Amino acid sequence: MPKKKTKIITIDYIAETIEDLAMMVNKGFTEHADRMDKIEGRLDNVESCMGLILEELRRTHDDVRQMRSRETLLQQDNTAHEADIQRLQARVSRLEQKAGLAAK
């Protein structure tokens, strides 16, 4: 079996290795920071869109509330008109009977 060569470790070698490690760690942190900046930008866009959606939802809610209020008023008007029509029909029927024009 061949003998392994023993590598001589010097202070310069250790310093160079530490420097290489420091550069790798720095590169990793820089890449991570860049990714986080991109994610933060995307989240800002999402928050902005959510704000617009919430505002539109509030407007829609207000519109629905107004339509319900108008519907209630229209129903009340319809009920009043139906009562008026029934009273008028009764009056017309009495007038027709007095005039001898009642339907047979």
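Here, the structure is the one placed above.
So, here is what we can say about the structure in this document. Treat the numbers as computed from the prediction; the structure is a model and nothing was measured.

1. Focus: the pattern of salt bridges
Pairing between side chains of opposite charge can happen when the charged atoms of each approach one another. Throughout the structure, instances matching the rule amount to six salt bridges. In this structure, the salt-bridge partner of Glu-31 is Lys-27, at a minimum N-O distance of 4.0 Å. Placement of both Glu-31 and Lys-27 in helix H1 (residues 11-99) is noted, with a separation of four residues, approximately one turn of the helix. Linking Asp-84 and Arg-87 is a salt bridge whose minimum nitrogen-to-oxygen distance equals 2.2 Å. Linking Asp-84 with Arg-87, this pair stays in helix H1, spanning three residues, or about one helical turn.

2. What to know about a negative patch on the surface
Taken together, the side chains of Asp-34, Asp-37, Glu-40, Asp-44 and Glu-47 make up a negatively charged region of the molecular surface. Note on placement: Glu-47 falls in helix H1. On the basis of relative accessible area, Glu-47 is assigned to the exposed category, the value being 56%.

About the thresholds
- Residues numbered from 1 in each chain as written.
- Predicted model: local features only at pLDDT ≥ 70, side-chain atom pairs only at ≥ 80, totals over all residues.
- Heavy atoms only, no water.
- Salt bridge = Lys/Arg side-chain N within 4 Å of Asp/Glu carboxyl O.
- Helix = DSSP H or I, 4+ residues; strand = E, 2+ residues; numbered from the N terminus.
- Patch = residues over 30% accessible without salt bridge, like charges linked within 9 Å, V, L, I, M, F, W, Y side chains within 5 Å.
- Areas by Shrake-Rupley, 256 points an atom, 1.4 Å probe, with all protein chains shown as cover.
- Lys, Arg positive; Asp, Glu negative; His and termini not counted.
- Charge placed at Lys NZ, Arg CZ, Asp CG, Glu CD.
- Buried < 20%, exposed > 50% of the residue type's maximum accessible area, 1.4 Å probe, protein only.

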